[in-house]
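Survey of secondary and tertiary structure
This is what each chain is made of:
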There are 2 protein chains.
Amino acid sequence: MVTRVQLDISQCAPTPGVEPMARTKANEIASLLKAVADPTRLQILALINQGENSSACTCDLTGPLGLSQPTISHHMKKLTEVGLLSAERRGTWVHYSVNKELWGQIAELFE
Amino acid sequence: MVTRVQLDISQCAPTPGVEPMARTKANEIASLLKAVADPTRLQILALINQGENSSACTCDLTGPLGLSQPTISHHMKKLTEVGLLSAERRGTWVHYSVNKELWGQIAELFE
DNA sequence: GTAGTTTATAGATAACCATCTATGAATAGG
DNA sequence: CCTATTCATAGATGGTTATCTATAAACTAC
C-alpha cells in the first residue's frame, strides 16, 4: 500500500524547517534598539556626535533639550547600560562619548 | 568702552550655536525604531525575510512564535502602520511583505 | 443560506517607561 | 571646615504597551 502525502492547501501550513530567530538573540537586539528608539535619546546622540571632540557632559544637554538634569542623567544611564555611550569622569564633569563600533553594528542589522 | 566676553570655564557652558535635532524629526525616527525594537517583531521580520518569496501570513507565524493569533495581528498592525510591512489580501489570507527600501533607510541612520 | 477558516477588533490586565521634585554623593576651591 | 557645582538616586505619577480572552468581520466552499 502506498502512503500518499496529503497536501491540504486549504489550511494554513507554515513552511516546515523554518525556525524563528532565537528569542535570546531577539531580546538582546531589542534591548539595544529600545535604547535608541526614544526621541530624547536620539537628540542626545545627535548632539554628542555634533560636538567637536564627539563628547559632551550632562550639563551641556539640559539647556538645548529643555529637560531637567535628572531626566538627562536617566537617559545617559540607559545609553551607557547598552554600551552605546562610555562615561569618563574628569573632575566635576562626566564626559560621555559615542561607541562608534556599536553604532555601526546597528546599521549592519538592517543591510 | 570695550565690552569683554567673559569666559567662565568653571561653569558649564554648552557650545553656542549647536542646535539639537528637531523634535518632530526625532519623534518620527523614534516611532519607526520603536516598531522594530521589540523581540517578537524582530522575529517576525526575520521570519518573513527568511521565506522564499519574502512574504508570510499571520497563521504562518503563530506556531513558530508560540503566540496567539490576536497578538500576532497586533504586531503586524504596528509594523504596517510605520510602513515596514505591506499587506496584500489574497482570498482568505493576508500576505505581508517587508518594505526593503524603508528597511535600508534605517541602516543609513547609523552610518 | 450554513459551516469552516483566517484576520481584525474590543476590552482587560500587568508591566514598563519618561518625566518630574527632592535629596544625596562626589569633586573643586577657598 | 564651608560653599558651589555637577551628577546620581529615590519615589511618585501619568502614559504607553504586550499579552490574553472573547467576539466580530471577511472570505471560501458547499
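Below: a short report on this structure. Along each chain, the written sequence defines residue order, and numbers are assigned to residues from 1. Chains and ligands are labelled by the order in which they are written, letters from A for the one and numbers from 1 for the other. Local features in a predicted model are, by the rule used here, given only for residues with pLDDT of at least 70; side-chain atom pairs are given and counted only at 80 or more, and totals for whole chains, interfaces and linings are based on all residues.

Some words on the sheet that holds strand E1 (residues 55-56) of chain A
All names here are of chain A. Criterion used throughout: strands pair if DSSP finds at least two bridges between them. For helices the rule is a DSSP run of H or I covering at least 4 residues; for strands it is a run of E covering at least 2, with both sets numbered from the N terminus onward. The antiparallel open sheet is built from 3 strands, whose spatial order is E1-E3-E2. In this open sheet, the two strands that pair with only one neighbour each are E1 and strand E2 (85-90). Inspection of the sheet shows E2 paired to strand E3 (residues 93-98) by 6 bridges, in the antiparallel sense. By the bridge assignment for E3, Glu88 is matched with His95. This element, helix H2 (residues 39-50), spans E1 and E3 of the sheet and lies at about 95° to E3. In this description, a residue-residue contact is defined by the distance between C-beta atoms placed from the backbone, which must lie within 7 Å. What counts as an axis is a line fitted to C-alpha atoms, over the stretch in contact for a helix, and the angles between N-to-C directions run from 0 to 180 degrees.

Some points on the relation of the copies chain A and chain B
Under the fitted operation, chain A is carried onto chain B by 0.0 Å of movement along the axis and a turn of 180°, and the coordinates agree to an RMSD of 0.0 Å. In the structure described here, the two chain copies are related by an operation that fits a two-fold rotation axis. Minimal C-alpha distance to the rotation axis in chain A is attained by A:Ala107, lying at 2.1 Å. The overlap is high: 100% of the interface residues of chain A also sit at the interface in chain B, so the same surface is used on both sides. Each copy is superposed on the other by least squares, with the fit set by C-alpha atoms of residues at a pLDDT of at least 70 in both.

Here we look at the environment of A:Ala56
Residues and elements named next belong to chain A. Within the fold, Ala56 resides in strand E1. Sequence separation of Ala56 and Leu45 is 11 residues, and the distance between their C-alpha atoms is 9.8 Å. Setting aside its immediate chain neighbours within four residues, Ala56 contacts Leu47, Ile48, Gly51, Leu61 and Tyr96.

Digging into the packing of H2(A) against helix H3 (residues 58-65) of chain A
Each pair of packed helices can be summarised by the angle the axes make with each other and by the distance between the axes. All names here are of chain A. At their nearest, the axes of H2 and H3 sit 11 Å apart, and the two run at 120° to each other. It follows from the interaxial angle that H2 and H3 lie oblique. Handedness of the H2/H3 crossing: right-handed. Each of Thr40, Gln43, Ile44 and Leu47 in H2 lies in contact with H3, whose residues at this interface are Leu61, Pro64 and Leu65. Classes in brief: Ala, Val, Leu, Ile, Met, Phe, Trp, Tyr, Cys and Pro nonpolar; Asp, Glu, Lys and Arg charged; the others, Gly included, polar. Tallied by class, residues from the contact of H2 with H3 come to 5 nonpolar, 2 polar and no charged. Here is the rule for angles: anything less than 35 degrees is roughly parallel, anything more than 145 is roughly antiparallel, 65 through 115 is roughly perpendicular, and the remaining ranges are oblique. Handedness of a crossing follows from how the near helix is turned relative to the far one, being left-handed for an anticlockwise turn of less than a right angle and right-handed for a clockwise one.

Examining the interface of chain A and chain B
Size of an interface, as often reported, equals the accessible area lost when the parts are brought together. The interface is formed by 35 residues belonging to chain A together with 35 residues belonging to chain B. Of all the elements in the fold, those that place two or more residues in the side of chain A that touches chain B are helix H1 (23-36), H2, H3 and helix H5 (100-109) of chain A. Looking at side-chain class alone, the side of chain A that touches chain B contains 23 nonpolar, 7 polar and 5 charged residues.

Points about the protein's contact with DNA strand C
Throughout this description, a residue near a molecule or strand is one whose C-beta atom, derived from the backbone, lies within 6 Å of it. Surrounding DNA strand C, one finds 27 residues, the nearest of these being A:Cys12, A:Thr71, B:Cys57, B:Cys59 and B:Pro70. Contributions of two or more residues to the surface near DNA strand C are made by helix H4 (69-81) of chain A together with helix H3 (58-65), helix H4 (69-81) and strand E3 (93-98) of chain B. The residue makeup of the surface near DNA strand C, split by class, is 10 nonpolar, 13 polar and 4 charged.

Structural notes on H1(A)
With 14 residues, H1(A) ought to run about 20 Å at 1.5 Å a step, and its terminal C-alpha atoms sit 20 Å apart, in line with that. Those residues of H1(A) that sit buried are A:Ala26, A:Ile29, A:Ala30, A:Leu33, A:Ala35 and A:Val36. How far a helix is expected to stretch is found by multiplying one less than its residue total by 1.5 Å. Partly exposed residues are those whose C-beta has more than 12 but fewer than 20 other C-beta atoms within 10 Å; 20 or more makes a residue buried and 12 or fewer makes it exposed, with C-beta atoms placed from the backbone.

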